[in-house]
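Spelled out from the first residue to the last, the chains are:
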Amino acid sequence: MSETSKRSTVYFDPQLHAALRLKAAHTHRSLSDIVNDAVRAALAEDQEDLAAFEERIAEPTMSYEALLDDLKAHGKL
């Protein structure tokens, strides 16, 4: 761990903790490395989602009711 790392207490479900410990042992990595990678991946996914929302912001929207009406009108319901 680098000197700039911050320490935090995280409480895991016991079964998740056991799985993480096994993965850490199997992959010769620390729990911290595995958790940091998972958090980075989740944040990167959030960033991709936000970018996709931004790209589609100008698209027309349709209410749920209008969608159902359209499906019924086209014989899908």
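Here the residue numbers are simple positions, counted from 1 along each chain's written sequence. Residue-level local features of this predicted model are given only where pLDDT is at least 70; pairs of side-chain atoms are given and counted only at 80 or more, and the full residue set underlies all totals for whole chains, interfaces and linings. Only hydrogens and water are removed before side-chain values are computed, so all heavy atoms of the structure are retained for them.

- The name an unreviewed UniProt entry assigns to the chain is CopG family transcriptional regulator, from the organism Billgrantia zhangzhouensis.

1. Describing the overall build of the chain
- For the chain, the count of helices and strands is three helices and zero strands.
- The globule rule used for comparison is 2.2 Å times the number of residues to the exponent 0.38, while the radius of gyration itself is calculated over C-alpha atoms. Relative to a compact globule of 77 residues, whose C-alpha radius of gyration would be 11 Å, the chain shows 22 Å and is clearly more extended.
- Buried residues in the chain amount to 4% of all 77 residues.
- Note on areas: these come from Shrake-Rupley sampling with a 1.4 Å probe, and a residue is covered only by the protein chains present in the view. Summed over its atoms, the accessible surface of the chain is roughly 7,500 Å², and 56% of this surface lies on carbon and sulfur atoms.
- Averaging the locations of the 9 positively and 14 negatively charged side chains of the chain gives two centres separated by 9 Å. Here a helix means four or more residues in a row that DSSP labels H or I, a strand means two or more in a row labelled E, and each is numbered from the N terminus. Accessible area is worked out with a 1.4 Å probe on protein chains only. A residue is then buried under 20% of its type maximum, exposed over 50%, and partly exposed in between. Here the positive residues are Lys and Arg and the negative ones are Asp and Glu; neither His nor the chain ends is included. For this purpose, a charge sits on NZ of Lys, CZ of Arg, CG of Asp or CD of Glu.

2. A look at a negative patch on the surface
- Side chains of Glu45, Asp46, Glu48 and Asp49 sit close together on the surface and give a patch of like negative charge.
- Within the secondary structure, Asp46 sits in helix H2 (residues 31-55). Candidate patch residues must exceed 30% relative accessible area and have no salt bridge, after which like charges are joined if within 9 Å and Val, Leu, Ile, Met, Phe, Trp or Tyr side chains if within 5 Å. Any carboxyl oxygen of Asp or Glu that lies within 4 Å of a side-chain nitrogen of Lys or Arg is treated as forming a salt bridge with it.

3. Examining the pattern of salt bridges
- This model, assessed by the stated rule, comprises three salt bridges.
- When the shortest N-O distance is used, the salt bridge between Asp37 and Arg40 registers 3.2 Å. Of the two residues, Asp37 and Arg40 both sit in helix H2, three residues apart, roughly one turn of that helix.
- Judged by its relative accessible area of 38%, Asp37 is partly exposed.
- Residue class for Arg40 comes out exposed when judged on its relative accessible area of 52%.
- A salt bridge links Glu59 to Arg56; its shortest N-O distance comes to 3.1 Å.

4. What to know about the packing of helix H1 (residues 14-27) against H2
- A fitted line through C-alpha atoms represents every axis, and for helices the fit uses only the stretch in contact; the resulting angles, taken between N-to-C directions, go from 0 to 180 degrees. Where H1 meets H2, the closest approach of the two axes is 9 Å, and the angle between their N-to-C directions is 110 degrees. Regarding the angle of H1 to H2, the classification is roughly perpendicular. From H1, His17, Leu20, Arg21, Lys23, Ala24 and Thr27 reach across to H2, where they touch Leu31, Ile34 and Val35.
- For this classification, Asp, Glu, Lys and Arg are treated as charged, while Ala, Val, Leu, Ile, Met, Phe, Trp, Tyr, Cys and Pro are nonpolar and the rest, including Gly, are polar. Within the contact of H1 with H2, the residues separate by chemical class into five nonpolar, two polar and two charged. Should an angle lie under 35 degrees it is considered roughly parallel, over 145 roughly antiparallel, and from 65 to 115 roughly perpendicular; all remaining angles are considered oblique. Contact criterion: two residues are considered in contact whenever any of their non-hydrogen atoms come within 4.5 Å of each other.

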